[in-house]
Amino acid sequence: MTLILALETSCDETAAALVRDGRDVLSNVIASQVALHRRYGGVVPEVASREHLLKIMPVLEQALSPLQHPAEEVEAVAVTHGPGLAGSLLVGVNVAKALAFAWGKPLLGIQHLESHLYANWIGEQAEAPTFPALCLIVSGGHTGLVLMEGHGRYRQLGQTLDDAVGEAFDKAARILSLGYPGGPAIEEAAQAGQLQRYRLPRSWLRGTHDFSFSGLKTALYRLAQEERRREASLHYGPEKPKQDRPGALPRLSRAGDFAPLSDQVTADLAAAFQEAVVDVLVRKTAEAAAIHGVLEVLLAGGVAANTRLRQELALRLNVPLRVPPPALCTDNAAMVGAAAYYRLIQGEHSGLDLDVQPNLPLS
Ligand code: KG4
Ligand code: ZN
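Just so we're clear, the structure is a prediction, and the values are computed from it rather than from any experiment.

## Examining the environment of leucine 328
Here is step 1: Looking at where leucine 328 falls in the secondary structure, it is placed in the loop between β10 (321–322) and α11 (334–345).
Here is step 2: Judged by its relative accessible area of 9%, leucine 328 falls in the buried class.
Here is step 3: C-alpha of leucine 328 to C-alpha of alanine 300: the two residues are 28 residues apart in sequence and 9.2 Å apart in space.
Here is step 4: In contact with leucine 328, not counting residues within four places along its chain, are Asn28, Ala119, Ile122, Ala334 and Met335.

## A word on the coordination of the zinc ion (ligand 2)
Here is step 1: Listed as protein donors to the zinc ion (ligand 2) are His112 (NE2), His116 (NE2) and Asp331 (OD); their distances from the metal cover 2.0 to 2.1 Å.
Here is step 2: All donors to the zinc ion (ligand 2) come from one chain, and their sequence spacing reads H-x3-H-x214-D. With a gap of 219 residues between them, histidine 112 in helix α5 (residues 112–118) and aspartate 331 in the loop between β10 and α11 connect regions that are remote in the sequence.
Here is step 3: On the accessibility criterion, histidine 112 (6% relative accessible area) is buried.

## Topic: the domain arrangement of the chain
Here is step 1: Its domain assignment divides the chain into domain 1 (3–122 + 326–344) and domain 2 (133–322).
Here is step 2: Computed from C-alpha coordinates alone, the two centres of domain 1 and domain 2 are separated by 28 Å.
Here is step 3: Between domain 1 and domain 2, a total of about 1800 Å² is buried, with carbon and sulfur atoms accounting for 66% of that surface.
Here is step 4: In terms of surface lost to domain 2, no three residues of domain 1 exceed Leu117, Asn120 and Trp121, which account for 32% of the buried area on that side.
Here is step 5: Applying the counting criterion to the domain 1 and domain 2 interface returns zero salt bridges.
Here is step 6: Remark: the boundary between domain 1 and domain 2 carries six residue pairs in polar contact (both at pLDDT 80 or more).
Here is step 7: Contributing elements (two or more residues each) for the side of domain 1 that touches domain 2: α1 (34–38), α5 and α11.
Here is step 8: If you tally residues by element for the side of domain 1 that touches domain 2, the top one is α5, at five residues.
Here is step 9: Broken down by class, the residue content of the side of domain 1 that touches domain 2 amounts to 11 nonpolar, six polar and four charged.

## Things to note about the nonpolar core
Here is step 1: Of all hydrophobic cores here, the largest spans 51 residues; its most connected members are Leu200, Leu269, Phe273, Leu281 and Leu309.
Here is step 2: Contact partners of leucine 269, with chain neighbours within four places excluded, come to Leu176, Tyr198, Leu200, Leu220, Leu223, Ala224 and Leu261.

## Some thoughts on the environment of glycine 41
Here is step 1: Counting through the fold element by element, glycine 41 comes out in the loop between α1 and α2 (45–64).
Here is step 2: Measuring from C-alpha to C-alpha, the distance between glycine 41 and alanine 173 comes to 9.8 Å, with 132 residues separating the pair along the chain.
Here is step 3: If we skip the residues at most four places from it in the chain, glycine 41 touches Arg174 and Tyr180.

## Considerations on the sheet that holds strand β5 (residues 107–111)
Each strand in a sheet pairs with its neighbour through backbone hydrogen bonds, running either in the same direction (parallel) or in the opposite one (antiparallel).
Here is step 1: Strand order in the open sheet formed by five strands is β3-β2-β1-β4-β5, and the pairing between neighbours is mixed. Unpaired on one side and paired on the other, β3 (24–32) and β5 mark the two borders of the sheet. Averaged over all neighbouring strand pairs, the angle between strand axes comes to 20 degrees, with direction disregarded.
Here is step 2: Sheet topology places strand β1 (residues 3–8) next to strand β4 (residues 76–82); four bridges connect them, and they run parallel. In the strand pairing of β4, leucine 5 is matched with valine 77.
Here is step 3: Here α2 sits on the sheet in contact with β1, β2 (13–20) and β3, set at roughly 20 degrees to β2.

## Examining the packing of aromatic side chains
Here is step 1: Summed over all chains, the structure comprises six aromatic pairs.
Here is step 2: With a centroid separation of 5.2 Å and an interplanar angle of 85 degrees, the aromatic rings of tyrosine 341 and tyrosine 342 are classed as edge-to-face.
Here is step 3: Taken together through their ring pairs, the aromatic side chains of Tyr118, Trp121, Phe131, Tyr341 and Tyr342 make up a single cluster.
Here is step 4: Lysine 284 extends its terminal NZ or CZ atom over the ring of phenylalanine 211, reaching a point 5.7 Å from the ring centre.

## Regarding the packing of helix α7 (residues 182–190) against helix α9 (residues 263–291)
Here is step 1: Where α7 contacts α9, the axes come no closer than 7 Å and their chain directions differ by 115 degrees. The orientation of α7 with respect to α9, classified from their angle, is roughly perpendicular. As for the relative orientation of α7 and α9, their crossing is left-handed in sense. Of the residues in α9, those in contact with Ile186, Glu187, Ala189 and Ala190 of α7 are Ala267, Ala270, Ala271, Phe273 and Gln274.
Here is step 2: Tallied by class, the residues present in the contact of α7 with α9 amount to seven nonpolar, one polar and one charged.

Reading the values: rules and limits
Residues numbered from 1 in each chain as written. Chains lettered and ligands numbered in written order. Predicted model: local features only at pLDDT ≥ 70, side-chain atom pairs only at ≥ 80, totals over all residues. Heavy atoms only, no water. Helix = DSSP H or I, 4+ residues; strand = E, 2+ residues; numbered from the N terminus. Buried < 20%, exposed > 50% of the residue type's maximum accessible area, 1.4 Å probe, protein only. Contact = heavy atoms within 4.5 Å. Donors = N, O, S within 2.8 Å, 3.2 Å for Na, K, Ca; no water. Domains from an automatic or database assignment. Buried area = accessible area lost by both parts, 1.4 Å probe. Salt bridge = Lys/Arg side-chain N within 4 Å of Asp/Glu carboxyl O. Polar contact = N/O pair within 3.5 Å; in protein donor to acceptor, adjacent residues only side chain to side chain. Nonpolar A, V, L, I, M, F, W, Y, C, P; charged D, E, K, R; others polar. Core = buried A, V, L, I, M, F, W, Y, C linked by side-chain atoms within 4.5 Å. Pairing = 2+ DSSP bridges. Axes fitted to C-alpha atoms, helices over the stretch in contact; angles between N-to-C directions. Phe/Tyr/Trp six-rings, centres within 6.5 Å; stacked < 30°, edge-to-face > 60°. Lys NZ or Arg CZ within 6 Å of the ring centre and 35° of its normal. Parallel < 35°, antiparallel > 145°, perpendicular 65-115°, else oblique. Left-handed = near helix turned anticlockwise from the far one by under 90°.

Listed below in structure tokens is the structure:
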């Protein structure tokens, strides 16, 4: 039995977890900074790293609370060392290094996207992985298709050429005045939406496994602005409000925010946006799964929490789909402990000179 203490501070969650044998979670503590960053409409790196400093020790203590003698019981210390925000990563990496040194235990630096993938094998019910597997990674900072040929063996098949899917959801939510974080807000608004009302364009990038979402975001923006003008003209008559330049935003509700649209238009646009994203992700994943003859497909990253995406993928694939439990889709430390276990049993560990790598690729 191998017990790993894992830390995660790559973005805006301060997290620590105890994971046994890569799948049993003894504790999983997450201090979210969402409320703090909401007023800025996104993560502010400086604010995030300061908050990690305040939260890391209480989070760590809570995560270790199931143990009587952590220094003896924990067999290794794992931590996300990239990709992510440098100032945020530094907090987790330095605490992990201090603990590994003080306890005389191995230290493991874990790549953030790899940890998202390993969220698929957490839990007593989780079946052992079968390779080759196709991984659809859809997080706030990354989007791509990766062929996983074994533990720690990855081949990048394609990636986004512009926005990551989570980023696109966050920007779309801003355009629709739905707040931050955008993914859950769009999903919720879309539930009341009618899909027939708007059709947004899809970028297929045929012949590649790459993605592009910036055109979709621009199309949503144009449509939302058209609707804002239409709704404003219903209120003010056909004359545009004075402050409008041609093609400019009709009005701003709060500094930097778009004026709200009616609930139904918002819901219909959210539904159209979500549908366009899901359509592209699902079709391109199914195509890659067939081309590469994989035995299963893994979904990973914050956007994996999206119900529509999970449902449509399950319907469209000819091979089993694995999805992490919703609570383990967004950033957490349990997934770091799971990924670290497979590295550790292969005899790997990092040196105490482990450093943060804000652009660390999956390899
Ligand atoms: O993986 P993650 O927690 O952080 C990164 O490593 O980037 O992903 C966060 C992203 C955010 O952009 C958020 O809007 C998106 O995941 N997200 C969702 C949902 N829940 C979170 N997107 C769509 N539908 C959701 N239910
Ligand atoms: Zn993440």
